[in-house]
Amino acid sequence: SPLPPPPPPLSFGAGSPLPICSSPVRRHSNWAAFVHQGFATMNEENKAPTDTNKPSESKASEGPKLRQAEWQDINVGLSVYIRKKKAEVLRTDFPLIFWVYEGEKAEKHRSFTFDKEMFEVEDYKSAAKGGGLIGEPLCKTIKLIEDAEYDCVGVTPKHTVEITNCRRSCITVLGEVYGISMTNCTDVTLLFHSLRASCDILKCAGCKVFCMTECCLFDIQESENCKVAIGEKLLNTVLFSTIKTEKIAVESFEQVTPETVEMLRDGEDLERIVQYEIPISNDKQEEVEMRTKWNGQMFETKTVETKELSPDFDKEFDPF
């Protein structure tokens, strides 16, 4: 852009001008330098102060270091990255993975066999610098309780409750938790309010499980003579998965409350909406999974073949 014209010569009375310099060309050159210096000074003054403590944009935009996920990395309650978007694993049913994206409520699922490349997890080495894995779940452990009544308190929807090696006891889990697992327990009565994920029963005998409000999946393996009681409202949404089990009974009451458990323990005969015994799934030659679901009129059980575990993702997932 053209430079502004030089100012008129200064006058110091009696018409005696004092030129800036002896040459008009040099006078114009000095004025250009003066204007250039002035603009440079103004630009420096108008610059926003720099916060030396603020991370650079390149550093701020960098996310956690990710790597390709393996199946052993996919655990309930942990965080995964699906197409670089953070999500929380709700449950797994190989090769299916069920998750919800961070900040969302809609449940989604994909096959790990066919879509493995879309699943990533944080690299352990980079996570260690920050103090541990992102999304590491909270855990409450209850073990070696015998002939006692135990109230599990102080848990949140982010907690998983692990019950191991307990005998002839009654355990109550108050409030909503993420999931519950029972392992190597005998003659244990479990009453819980609500689960966001599944209730897993492994290598148990003679146990009774009462769900008061919500549980989407009961995963029962290598167990016998166990009973699961649910409320009528849960009939249409719950799924039972059994492997190497026998004499697993399902009962439905109008509602399940602590009073329900007390009356049954006292031997009272309460009215049941439905009673069903899941067929034996105890094939010692191979691992056969059986799935049981309410069809609107009664419970129905079907055997799941491995080759049928790849659903059409354009349609609603059918557990059968």
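Residues numbered from 1 in each chain as written. Predicted model: local features only at pLDDT ≥ 70, side-chain atom pairs only at ≥ 80, totals over all residues. Heavy atoms only, no water.

## Points about the overall build of the protein
- Secondary structure summary: the protein contains 4 helices and 23 strands in total.
- For the protein, long-range pairs separated by at least 24 residues make up 30% of all intrachain contacts whose partners lie at least 6 apart in sequence.
- Entry remark: accessible area of the protein is about 19,600 Å², with carbon and sulfur atoms responsible for 49%. (Helix = DSSP H or I, 4+ residues; strand = E, 2+ residues; numbered from the N terminus. Contact = heavy atoms within 4.5 Å. Areas by Shrake-Rupley, 256 points an atom, 1.4 Å probe, with all protein chains shown as cover.)

## Focus on the pattern of salt bridges
- Tallied over the entire structure, the rule returns 15 salt bridges.
- Between Glu107 and Arg91 there is a salt bridge; the shortest N-O distance is 3.1 Å. Remark: Arg91 occurs in strand 5 (residues 85–93) and Glu107 occurs in strand 7 (residues 107–111); sequence separation between them is 16 residues.
- The class for Glu107 is partly exposed, based on a relative accessible area of 40%.
- The salt bridge partner of Glu251 is Arg272, with a shortest N-O separation of 3.0 Å. Taken together, the residues Glu251 in strand 20 (residues 246–253) and Arg272 in the loop between helix 4 (258–265) and strand 21 (274–278) connect sequence positions 21 residues apart. (Salt bridge = Lys/Arg side-chain N within 4 Å of Asp/Glu carboxyl O. Buried < 20%, exposed > 50% of the residue type's maximum accessible area, 1.4 Å probe, protein only.)

## Here we look at the pairing of strand 15 (residues 198–202)
- As paired elements, strand 13 (residues 179–183) and strand 15 share 4 bridges and run parallel to each other. The residue bridging Thr183 from the neighbouring strand is Leu202, located in strand 15.
- Examined bridge by bridge, strand 15 and strand 17 (residues 217–221) share 5 bridges and lie parallel to one another. Directly across from Asp200, in strand 17, lies its bridge partner Asp219. (Pairing = 2+ DSSP bridges.)

## Side note on the sheet that holds strand 20
- The strand order across the open sheet built from 7 strands is 10-12-14-16-18-20-21, with neighbouring strands paired in mixed fashion. Each edge of the open sheet is held by one strand with a lone partner, namely strand 10 (149–152) and strand 21. Each neighbouring strand pair of the sheet contributes to a mean axis angle of 15°, computed without reference to strand direction.
- Note: strand 12 (residues 170–177) against strand 14 (residues 189–195), 6 bridges, orientation parallel. (Axes fitted to C-alpha atoms, helices over the stretch in contact; angles between N-to-C directions.)

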